[in-house]
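One letter stands for each residue in the lines below.
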Amino acid sequence: MEFTKMHGLGNDFVVIDAINQSITLTSAQIRFLADRHFGVGCDQLLLVEKPVSDNADFKYRIFNADGGEVAQCGNGARCFARFVRDKGLSNKDEFTVDTDAGQLVLRLDAEGLVTVNMGIPKHAPEHIPLLMPHESLLYEAEVAGQHLEFGAVSMGNPHAVIRVDDVTQAPVESVGAQLECHRLFPQRVNVGFMQVLSRQRIKLRVYERGAAETLACGSGACAAAVVGIEQDLLDNDVIVGLPGGELKIQWAGRGHPVLMSGPAVSVYEGRIRL
Ligand SMILES: N[C@H](CCC[C@H](N)C(=O)O)C(=O)O
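Residues numbered from 1 in each chain as written. Predicted model: local features only at pLDDT ≥ 70, side-chain atom pairs only at ≥ 80, totals over all residues. Heavy atoms only, no water.

**Side note on the environment of E111**
Here E111 shows up in the loop between β7 (102–108) and β8 (114–117). Sequence-wise, E111 and Q231 are 120 residues apart; in three dimensions their C-alpha atoms are separated by 33 Å. (Helix = DSSP H or I, 4+ residues; strand = E, 2+ residues; numbered from the N terminus.)

**Section: the site of the ligand**
Around the ligand there are 15 residues in total, and N64, G74, E208, R209 and S219 lie nearest to it. The separation between an oxygen atom of the ligand and a polar side-chain atom of N64 is 2.8 Å. Contact between the ligand and N157: an oxygen atom at 2.9 Å from a side-chain N or O atom of the residue. Within the residue set of the shell around the ligand, elements represented by two or more residues are α2 (74–86) and α4 (218–230). (Near = heavy atom within 4 Å. Polar contact = N/O pair within 3.5 Å; in protein donor to acceptor, adjacent residues only side chain to side chain.)

**A few points about the UniProt feature "site: Important for dimerization" (unreviewed entry) in the protein chain**
Within this numbering scheme, the UniProt entry marks Y268 as carrying the feature "site: Important for dimerization" (unreviewed entry). Relative to the helices and strands, Y268 is located in strand β19 (residues 265–271). If we skip the residues at most four places from it in the chain, Y268 touches F3, T4, K5 and V40. (UniProt positions renumbered as here; feature names shortened; annotations may be inferred. Contact = heavy atoms within 4.5 Å.)

**Overview of the side chain of E180**
Within the secondary structure, E180 is located in helix α3 (residues 172–180). Only 2.9 Å separates the side chain of E180 from the backbone nitrogen of G210, close enough to count as a polar contact. Excluding its chain neighbours within four sequence positions, the residues that come into contact with E180 are R188, V189, V191, Y207, E208, R209 and G210.

**Some remarks on the pattern of salt bridges**
For the coordinates displayed, the defined rule picks out 18 salt bridges. Taking the shortest distance from any N to any O, the salt bridge between D235 and R199 comes out at 2.7 Å. Linking D235 in the loop between α4 and β16 (237–242) with R199 in the loop between β13 (190–198) and β14 (201–208), this pair joins segments that are 36 residues apart in sequence. With a relative accessible area of 28%, D235 lands in the partly exposed category. Accessibility expressed as a relative area gives 33% for R199, which makes it partly exposed. Beyond isolated ion pairs, a larger network of salt bridges with shared partners links K5, D12, R36 and D43. (Salt bridge = Lys/Arg side-chain N within 4 Å of Asp/Glu carboxyl O. Buried < 20%, exposed > 50% of the residue type's maximum accessible area, 1.4 Å probe, protein only.)

In structure tokens form, the structure reads like this:
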């Protein structure tokens, strides 16, 4: 099977053309491919498939390193756009992709960046079955012996966002792992730790569902910006500084889609026998 190794700010992917290759991967095979010692190594595996909608160019499927299929990956969407152009699967600058959470519109910019319309954020509890929210859009839970308050929003995948004073001191591993699997989140959850630097800039670390802490999380950057804007901590255009680099997030408020811009890098082509 042929694949391309790619990353978006160090959030790395095995990307597979499942249009020109007949691919059926079991969860065990996905875990093997994602394994950094016995396989290729990646945070997520992305499949490029034929569209299911008449108005879409492709179908975009995402699998976490633990083998579970999920419905959204922002950094992966940018790499998806770079991949289909590099492979000559499309010569467009903008295309629509079907995902299990709806459609995304991906646009390759002149300077090599990719802008993704990540869709309209959906708020708990309809999309994240939580206890009723407080008026401040904050939720609370006891996690690892700590009383936590956090924002919660779905970008097509569930995110909890915890505000911290200093991301370098945040309990990402301990609290992230416990909140990921908390009973409040039957589908589990991605956990972001957000430090607000100004109304236009935050720092963020994300403990990802099914992958642990990653160097960057695109949907997590969108979710953190949405929570910060809703709490009137941030303006509508936010620079999100992640360990792997920066993303530009734009959100005009409820009812509007979130736009995310950032790089997408192709590292090498590979072939592996399954
Ligand atoms: N771990 C996420 C999927 C990958 C999201 C992340 N890599 C991104 O860039 O958005 C989840 O289980 O919903």
